[in-house]
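Structural characterization, general
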Amino acid sequence: MPKPISPARRTSMAGLLTAASLTLALSGCATYDVTAPADARAEAPAAEVTKKDAALAAGKDAKAPRGAAGDGVDCRKAKCVALTFDAGPSENTDRLLDILKKEKVRASFFMLGKNHVEKRPAEVKRIDAEGHELANHTWSHQILTEISPDAAKREMSRLQEAVRKITGKAPRLMRPPQGRTDGSVSEISKDLGLAQVLWSVTAKDYQTNDSALITKRVLEQTERDGIILLHDIYRGTVPAVPGILKELKKRGYTVVTVSQLLSPAKPEPGMVYRP
């Protein structure tokens with residue numbers, strides 16, 4: 001995967017982030033802000049981090065069970081990597097949650113609405129109850145840069161409302177389908193209170209059901225402060241998770257949610273977070 005474009009703490013970019021390479025193609029689109037998790041942490045004024053925000057980032061929601069490896073971790077000191085799952089929940093999600101519970105790991109779930117959240121509210125409730133992070137992957141996976149601003153807003157806000165109805169809370173993070181964003185999407189995200197989250201590690205598990213290959217791809221790409229992208233909708237992905245977690249722990253990584261990775265910074269609405 002490409003390295004961050006520069007070590008600058010925050011970069012204003014224009015253009016389109018493609019799913020294949022996550023490279024930024026400069027164009028005439030409106031600019032938007034991009035920052036890396038490490039830079040976000042470095043920028044965070046300690047005085048602005050409330051006790052509630054710190055508790056949420058540490059995975060210490062009052063309703064969630066205690067004891068995950070990332071709870072209370074300081075990723076400024078620890079060797080952290082965020083684990084994320086897109087496009088669920090699905091028939092595989094309960095099995096995945098069983099694995100994460102056994103391994104004492106929390107993850108961020110970027111969920112789809114149509115045919116997923118709307119059909120599997122029990123899994124959404126369980127994701128929340130077990131201390132994982134609820135996140136937005138739009139209602140129907142439309143490419144937000146290719147539809148009207150009003151339609152893009154509906155894609156995001158409809159998912160927000162569905163998750164709020166089920167859990168009583170709305171996501172603070174959003175992943176644009178295929179990683180495609182621009183200035184308009186960023187403004188809409190800001191209005192909805194959503195920070196955008198991209199990734200640095202992809203197993204391309206939509207191309208294969210080979211769990212060994214998925215594991216190999218993740219481990220080859222993972223570095224400190226990375227964000228791993230997997231999909232709990234594909235048959236080969238969930239069986240790969242135990243091996244991935246075992247090897248990451250062996251290599252000294254603490255596996256966390258995206259918000260834990262950013263802490264003590266708070267996800268900033270409209271901002272694009274990219275390792």
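Reference entry: report on the structure contained in this document. Just so it is clear, the model here is predicted, and its values are computed rather than measured.

Our next topic: the overall build of the protein chain. When helices and strands are counted, the protein chain shows 10 helices and 13 strands. Within the protein chain, the fraction of its 275 residues that count as buried is 55%. Put simply, 74% of the contacts in the protein chain that link residues at least 6 apart link residues at least 24 apart. Split by element, the accessible area of the protein chain, about 12,000 Å² in all, is 51% carbon and sulfur.

Turning to the state of the cysteines, a few remarks are in order. Applying the stated criterion across every chain, the model contains one disulfide. Note on cysteine connectivity: Cys75 is disulfide-linked to Cys80, with sulfurs 2.2 Å apart. Residues Cys75 and Cys80 are joined by a disulfide whose S-S torsion is about -90°; by sign, that bridge is left-handed. Each of the two residues, Cys75 as well as Cys80, counts as buried.

Next up on the list: the nonpolar core. By size, the foremost hydrophobic cluster in this structure holds 35 residues, and its most contacted members are Leu83, Phe85, Leu100, Phe109 and Leu230. Within the residue set of this core, elements represented by two or more residues are β5 (80-86), α3 (93-103), β6 (108-111), α5 (121-129), α6 (149-167), α8 (211-221), β11 (226-231) and α9 (241-250). Every residue in contact with Leu83, bar those within four places of it in the chain, is listed here: Leu100, Val105, Ala107, Ser108, Ile228, Leu230, Leu245, Val255 and Val256. One finds Tyr32, Val34, Ala78 and Cys80 within the second-largest nonpolar core, a separate group that totals 25 residues.

Two elements in contact, α3 and α5, have axes whose closest approach is 10 Å; the angle formed by their N-to-C orientations is 15°. In terms of their interaxial angle, α3 and α5 are classed as roughly parallel. Like other packed secondary-structure pairs, α3 and α5 cross with a definite hand, here left-handed. Taken together, the residues of α5 that come into contact with α3 (itself represented by Thr93, Asp94, Leu97 and Asp98) are Glu123, Arg126 and Ile127. Classifying every residue of the contact of α3 with α5 gives two nonpolar, one polar and four charged.

Attention now goes to the pattern of salt bridges. In the structure shown here, the tally under the stated rule is 14 salt bridges. Linking Arg164 and Glu161 is a salt bridge whose minimum nitrogen-to-oxygen distance equals 2.3 Å. Of this pair, Arg164 and Glu161 both sit in helix α6, three residues apart, which is roughly one turn of the helix. Among the charged side chains, a salt-bridge network with shared partners connects Asp94, Asp98, Arg126 and Glu130.

Among the residues of helix α7 (residues 183-191), Gly183, Val185, Ser186, Ile188 and Ser189 are the ones counted as buried. If you follow the buried residues of α7, they end up packed against β4 (31-35), α6, β8 (173-174), β9 (195-197) and β13 (272-273). One side-chain oxygen of the residue at the start of α7 lies 3.1 Å from the amide nitrogen of Ser184, identifying that residue as Asp182.

Attention now goes to the environment of Lys165. Counting through the fold element by element, Lys165 comes out in helix α6. Taking C-alpha positions, Lys165 is 9.6 Å from Pro121, a pair spaced 44 residues apart along the chain.

Bringing the environment of Gln221 into the picture now. In this structure, Gln221 sits in helix α8. Assessed through its relative accessible area of 22%, Gln221 is described here as partly exposed. Of the polar contacts made by the side chain of Gln221, one reaches the backbone oxygen of Arg217; its length is 3.1 Å.

This paragraph deals with α8. Where α8 is concerned, the buried positions are Ser211, Ile214, Thr215, Val218 and Leu219. Looking down the long axis of α8, one finds its buried residues gathered within 125° of arc, a one-sided arrangement. Seen from the open side of α8, the exposed residues pointing more than 90 degrees away from its buried face are Ala212 and Glu220. Looking at the buried residues of α8, the elements they touch are β10 (201-202), β11 and α9. Taking the backbone nitrogen of Ala212 as reference, a side-chain oxygen 3.0 Å away marks Asp210 as the first, capping residue of α8.

Parameters and conventions
Numbering of residues begins from 1 in every chain and follows the order in which that chain's sequence is written. Residue-level local features of this predicted model are given only where pLDDT is at least 70; pairs of side-chain atoms are given and counted only at 80 or more, and the full residue set underlies all totals for whole chains, interfaces and linings. As a convention, hydrogens and water are excluded, and side-chain values are obtained from all of the structure's heavy atoms. Strands are runs of DSSP state E lasting at least two residues, helices are runs of H or I lasting at least four, and both sets are numbered from the N terminus onward. Buried residues are those whose accessible area, probed at 1.4 Å on protein chains only, stays under 20% of the maximum for their type, while exposed residues exceed 50% and partly exposed ones sit between those limits. Contacts are assigned to residue pairs with any non-hydrogen atoms lying within 4.5 Å of each other. Each accessible area value is a Shrake-Rupley result obtained with a 1.4 Å probe; residue values ignore everything except the protein chains displayed when judging cover. The definition used for a disulfide is geometric: two cysteine sulfur atoms within 2.5 Å. As used in this record, nonpolar core signifies buried Ala, Val, Leu, Ile, Met, Phe, Trp, Tyr and Cys residues forming a set joined through side-chain atoms within 4.5 Å. Every axis corresponds to a line fitted to the C-alpha atoms, with the helix fit spanning only the stretch in contact, and the corresponding angles, defined between N-to-C directions, vary from 0 to 180 degrees. By definition in this entry, angles of less than 35 degrees are roughly parallel, angles greater than 145 are roughly antiparallel, angles of 65 to 115 are roughly perpendicular, and the rest are oblique. In this scheme the crossing of two helices becomes right-handed for a clockwise turn of the near helix relative to the far one and left-handed for an anticlockwise turn of less than a right angle. For this classification, Asp, Glu, Lys and Arg are treated as charged, while Ala, Val, Leu, Ile, Met, Phe, Trp, Tyr, Cys and Pro are nonpolar and the rest, including Gly, are polar. Any carboxyl oxygen of Asp or Glu that lies within 4 Å of a side-chain nitrogen of Lys or Arg is treated as forming a salt bridge with it. Throughout this description, a polar contact denotes any pair of N or O atoms lying within 3.5 Å of each other; where both atoms belong to protein, one of them has to be capable of donating a hydrogen while the other can accept it, and for residues adjacent in sequence the pair is counted only when both atoms sit in side chains. Read the arc as the range of directions from the helix axis to the C-beta atoms.

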